[in-house]
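# Understanding the architecture of this molecule
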Amino acid sequence: MTAVSAVAHANIALVKYWGKRDGALMLPATSSVSLTLDAFRTTTTVTLLPEGAPDEVELDGVRLEGAPRTKVVRFLDLVRSQVPPELAGRGAGVVSRNDVPTGAGLASSASAFAALAGAAAGAYGLDLDRRGLSRLARRGSGSASRSVFGGFVRWNAGDLDDPVRGDETSYAEPLPTAPDLDVAMAVVVLDAGPKAIGSREAMASTVATSPYFPAWVEHTELDAAAATAAIAAGDLTVLGEIAEASAMRMHATMLAAYPAVRYLAPASLEVLDAVAALRADGVGAWATMDAGPNVKVLCAARDLELVGEALALAPDGARRRVLLARPGPGLRTETL
Ligand code: PMV
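Because the structure is predicted, anything quoted here is derived from the model rather than measured.

Turning next to the site of the ligand. Contacts to the ligand come from 13 residues, most closely from Ala13, Tyr17, Gly142, Ser143 and Asp290. Across the shell around the ligand, the residue classes break down as 4 nonpolar, 6 polar and 3 charged. Summarising the domain contributions, the shell around the ligand has at least three residues from each of domain 1 (3-177) and domain 2 (183-325).

Laid out in structure tokens, this is it:
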């Protein structure tokens, strides 16, 4: 039996991806730039089952059924559509484990689909280079295209005029990085409360109804170019300023959707204030937020403990949970 195991890490966007121009091909409206982290990884093993056997999917020891299973089966079907018939007829056993602190609300579709892409392509004998794996991972979850690579990564929007060429040219790639750009990230875990709307649905609603969306698209391409340049030049201050501005603009465009999409919680705003206070004290720290209330703070590696400690103190004297992360590696696969 052929079995391939793959490990991929979460990534946090510094220039955000928010909105698709093609939902079926998962083509983004803009390019985005991210940092892959050493924390929060997914390990997935795909084993080929006999001809005609139904796919079996297990996540963190629980057998998946219904919609979550269907998402994985659809992705396996995409892989099977690209392999010879004698392999395409075989089902798969998928066993996946997330190394994410429990209850942190950080389970990442990025690490999950990057690991699944690597393991499924390997098990079905689909010979893909890194670029091909990034394009494949993109079809599971857009941000997964970036987790194929470690460190600073850029996911290109690709050719905007034609979907076929767009599909071929929308992949992630590692960014040339100044050797002295030594960054880290503090992740402030806040109570998620009732689960807000998922990113797929929220993006579609933003694209369809937010009057700010065209401005977001136009500006994000400029931010991606500026962030790419700042990473090459090793300018953490410029990179941090772009990252915080991109996150605020992303949340502004979704707040302008109808009905408004809001992930910012009162506690998120308190953390944004604490990050601004750190900067006022001369510490380089910049916040970013995704489709949830948690706040991720970019800083120099040498400031990580200090930043983490400052953000752990809530105004009411309570302690917030802060996870400390550093840049991490790209996708690795191993044939078992
Ligand atoms: O790849 P998705 O569908 O999980 O979307 C991710 C969207 C954000 O995390 C909010 C931003 C990003 O670029 O990762």
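Right, picking up where we left off after that structure.
Looking at the assigned domains, one finds that the protein chain contains domain 1 (3-177) and domain 2 (183-325). Using C-alpha coordinates to define each centre, domain 1 is positioned 24 Å away from domain 2. Counting from both sides, the interface comprises 26 residues of domain 1 and, opposite them, 35 residues of domain 2. Residue assignment for the side of domain 1 that touches domain 2 shows that the elements contributing at least two residues are strand E1 (3-15), strand E4 (32-51) and strand E8 (152-155).

Let us now look at the packing of helix H3 (residues 109-123) against helix H4 (residues 130-140). For the pair H3 and H4, the least separation of the axes is 8 Å and the interaxial angle reads 125 degrees. Taken together, the axis directions place H3 and H4 in an arrangement best described as oblique. Considering how the two elements wind past one another, H3 and H4 form a crossing that is right-handed. Contacts between H3 and H4 involve Phe113, Ala114, Leu116, Ala117, Gly118 and Ala121 on the former and, on the latter, Leu133, Leu136, Ala137 and Gly140. Residue classes in the contact of H3 with H4 are distributed as 8 nonpolar, 2 polar and no charged.

To continue, consider the confidence of the model for the protein chain. Considering every residue of the protein chain, the mean pLDDT works out to 95; 97% of them sit at 70 or more. Interface confidence for the predicted complex, expressed as ipTM, amounts to 0.98; the pTM equals 0.96.

Strand order in the open sheet formed by 4 strands is E11-E12-E10-E13, and the pairing between neighbours is antiparallel. Of all the strands in the sheet, the pair left with one neighbour each is strand E11 (285-289) and strand E13 (321-325). Recorded for the sheet is a direction-independent mean angle of 25 degrees between the axes of neighbouring strands. Pairing analysis gives 5 bridges linking E11 to strand E12 (residues 295-300), with the strands arranged antiparallel. Within E12, the residue paired with Ala285 across the bridge is Cys299. Packed on one face of the sheet, helix H8 (residues 236-255) meets strand E10 (183-189), E11 and E12 and runs near 30 degrees to E11. Against the sheet, helix H10 (residues 304-312) engages E10, E11, E12 and E13, with an angle of about 15 degrees to E10.

Conventions adopted
- Residues numbered from 1 in each chain as written.
- Predicted model: local features only at pLDDT ≥ 70, side-chain atom pairs only at ≥ 80, totals over all residues.
- Near = placed C-beta within 6 Å.
- Nonpolar A, V, L, I, M, F, W, Y, C, P; charged D, E, K, R; others polar.
- Domains from an automatic or database assignment.
- Contact = placed C-beta atoms within 7 Å.
- Helix = DSSP H or I, 4+ residues; strand = E, 2+ residues; numbered from the N terminus.
- Axes fitted to C-alpha atoms, helices over the stretch in contact; angles between N-to-C directions.
- Parallel < 35°, antiparallel > 145°, perpendicular 65-115°, else oblique.
- Left-handed = near helix turned anticlockwise from the far one by under 90°.
- pLDDT = per-residue confidence, 0-100.
- Pairing = 2+ DSSP bridges.

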